[in-house]
Amino acid sequence: MPDKTRINEHIWIKINFCNNLIIYMKKFLPLIIVFLVFISQLQFKEENVIMTLHSAPERKLLSELSKKYEVLPGSYNPTIKMTNKAIFTVEVSKNEKRYIVFARDINTKTDSIFMYDARSYELKREVNLAPLRISTSINDRRELIDIDGDRNLEVVVPIIDSSAEKGIKIFKIKKDSFSEMKVNILPGYSKLDLDDIDLDGKYELICFREMNGVPMLPHIFKWENNQYKLTEAINYPKIIENNLEQLSIYEKKGVDSENNLLLLDVYLSRAYTYLKKKDYLKFGDCIDKIQSFSNTTDASIKLRVYKSKVYLGYLYLDRNEPETGYDYLKDASTFMYSSNNPNRVESMIYAELAGYLIDKYELKKAKESLEISLKLYPDNMIAQNYLSAIENF
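Residues numbered from 1 in each chain as written. Predicted model: local features only at pLDDT ≥ 70, side-chain atom pairs only at ≥ 80, totals over all residues. Heavy atoms only, no water.

### Quick word on the sheet that holds strand S14 (residues 204-211)
Here is the rule: Paired strands, in this sense, are two strands between which DSSP finds at least two bridges. Helix numbering and strand numbering both begin at the N terminus, where a helix is a DSSP run of H or I of at least 4 residues and a strand a DSSP run of E of at least 2. Think of each axis as a best-fit line through the C-alpha atoms, taken over the contacting stretch in the case of a helix, with angles from 0 to 180 degrees between the N-to-C directions. A contact between two residues is defined here by any heavy atoms of the two lying within 4.5 Å.
Across the sheet, 4 strands lie side by side as S13-S14-S15-S16; this open sheet has antiparallel pairing. With one partner strand each, in any of the chains shown, strand S13 (191-195) and strand S16 (227-231) form the two edges of the open sheet. Strand-to-strand twist of the sheet, defined as the mean angle between neighbouring strand axes without regard to direction, takes the value 30°. With respect to the sheet, helix H6 (residues 260-277) is in contact with S14 and strand S15 (214-224), its orientation differing from that of S15 by roughly 30°.

### Side note on the pairing of strand S5 (residues 96-105)
Test applied: The buried label applies to any residue whose accessible area, calculated with a 1.4 Å probe on protein chains only, is under 20% of its type's maximum; exposed applies above 50%, and partly exposed to all values in between.
Taken across its 10 residues, S5 has 8 buried, putting it largely inside the fold. When strand S1 (residues 69-71) meets S5, the two strands line up antiparallel, connected through 3 bridges. From the neighbouring strand, Glu 70 faces S5, where its bridge partner is Arg 104. Alignment of strand S4 (residues 87-93) against S5, held across 6 bridges, turns out to be antiparallel. Residue pairing in the sheet places Glu 91 in a bridge with Lys 97 of S5. Where S4 folds back onto S5 in an antiparallel hairpin, the turn is made up of 2 residues. Where S5 and strand S6 (residues 111-117) come together, 7 bridges link them in antiparallel fashion. Bridging from a neighbouring strand, Ala 103 pairs with Ser 112 of S6. From the end of S5 to the start of S6, which pair antiparallel, there are 5 residues, and Lys 109 there has a positive phi angle of about 65°.

### Things to note about unusual backbone geometry
The phi angle of most residues is negative, glycine excepted, and most peptide bonds adopt the trans form. At the junction of Ala 130 and Pro 131, the peptide bond is cis and its omega measures out at 10° in the coordinates. Here Pro 131 is to be found in the loop between strand S7 (123-128) and strand S8 (133-134). Look at Arg 151: it is not a glycine, yet its phi comes out positive at around 70°. Following the sequence through the fold, Arg 151 ends up in the loop between strand S9 (143-145) and strand S10 (154-160). Positioned with a positive phi, Leu 199 is a non-glycine residue whose angle comes to about 55°. Residue Leu 199 is classed as exposed on the basis of its relative accessible area of 72%.

### Here's the deal with the pattern of salt bridges
Filter applied, for reference: Within this document, salt bridges are pairs made up of a side-chain nitrogen of Lys or Arg and a carboxyl oxygen of Asp or Glu, the two lying within 4 Å of each other.
Considering all chains together, one arrives at 27 salt bridges under this definition. Put simply, Asp 117 and Arg 98 hold a salt bridge, and the shortest N to O gap is 3.0 Å. Of the two residues, Asp 117 sits in strand S6 while Arg 98 sits in strand S5, which places them 19 residues apart along the sequence. The class for Asp 117 is buried, based on a relative accessible area of 11%. When salt bridges with common partners are traced through the structure, they connect Glu 96, Arg 98, Asp 117, Lys 175 and Asp 176 into a single cluster.

### With respect to the confidence of the model for the protein
Keep this limit in mind: What pLDDT reports is the predictor's confidence in each residue, on a scale of 0 through 100.
Looking at the protein, pLDDT values average 87 and 85% of them are 70 or higher. Segment residues 41-52: pLDDT under 50, and 20 contacts once partners within four positions in sequence are set aside and those in other chains are kept.

Here it is as C-alpha cells:
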C-alpha cells in the first residue's frame, strides 16, 4: 500500500503550487491582459483598428475599407493613450444611424469623407476634398461637434492645402448627405481650434497666430447668422490672459539667452494684445521698450522698431482719429525708407493701412488700399504679400 504520508505530501505540494500560481497571476494580471490584447491584434490587417476599442460593427466596416483606404486618425484618447480611427456613429432619425469616416485612398492619395448606412454598410455619400488634404496632426480636431447649438452634430474637418496652409471645413449632416457650412478664414494661422468659450452653446473658432515663432493674440470667430464672423478679443478675457502668460514664458527665454530679437518680438506681440485689450498705458510701455532701439543699424531690429511705429498708427485708427493715424504710419514709413522717394513712402502707408483692415477682416477696403499702394510703388513686397493672401476672398 502507498504510504499515506507521501500521498499527503504530494497533495500539499500541488495545493502550494496552485496557491503560488494564483498569487503570481494576480500580480501579473495587467501584463497578461496587455499581452493577450497584443496577440489578438495579429488577426487583423491593421493593428490600431482593434486597439482603439471600436464597436464590432465599426470594426467590420474598417476592415472592409482597409482594402482600398487608409482610415485616418480620429481624436486622441488620453485614458488609453491612443488615437482612435476617424469613424463616428451618428443618429440621423429615430431608427437610423450613419457611419461618418475620414479616409485616404491608398492609390490616389486623395482624402474624402464618407457616409455609410450603419445597418447595410451601403455608401450614402462621399465628399472628395482634393486638392485639399485632411490634417492628421494630433493637435487638430477631426470629430463631430454640435457647432451651432441646434442639437445636431456637424463634421469638423481640419485641412491643409498644397502650401501647407491650415484651414477648416464644417459639414452639416443631413439624412443621406452633407451640407457645407460657410467658413471663410485667411491663410497663415498656426493652429485652429473650436471651443465654446462663452458657454452659449455655440462653438467659437479660435485661430492661433505666430510672429517669428512668438504667439500672437488669436483671432476669434463667433457663429452668427449661419457663418463665422470675427469678434473682438476683448470679449474673451481668458484668451487674453492665456496669451499674456505665454508671452511671459517667451520673455524669460529671451532674457536668459540675451536674445534681443526674441525680446522685441515678445514686446511687439504684447503691445498688440494690450492694444486689443484697450490697455493703452501698458501698450505704451511696450512701444517705448521697442523704440529704445531706434538708433540701431541692425536691419532686423530696425524692422521691429518700424512695426512698433505702425502699431502707434493702428492705435489712432482704432480711436477713430484717421489723420493722426496717417501721420504715425507716415512716420513709420519715413523711418524705414528714404523720404527722397515719396511714392515709396506713400505706398507703404497704404500697405500698412491695408494690414490694419485685413486684421479686422475688412477685406474689400483692404484691396482698395493695396491697389493704391501698388500703383504708387509696384515693387512694394509687403503690399504684394497682403494682396496674394486676400485676393481669393
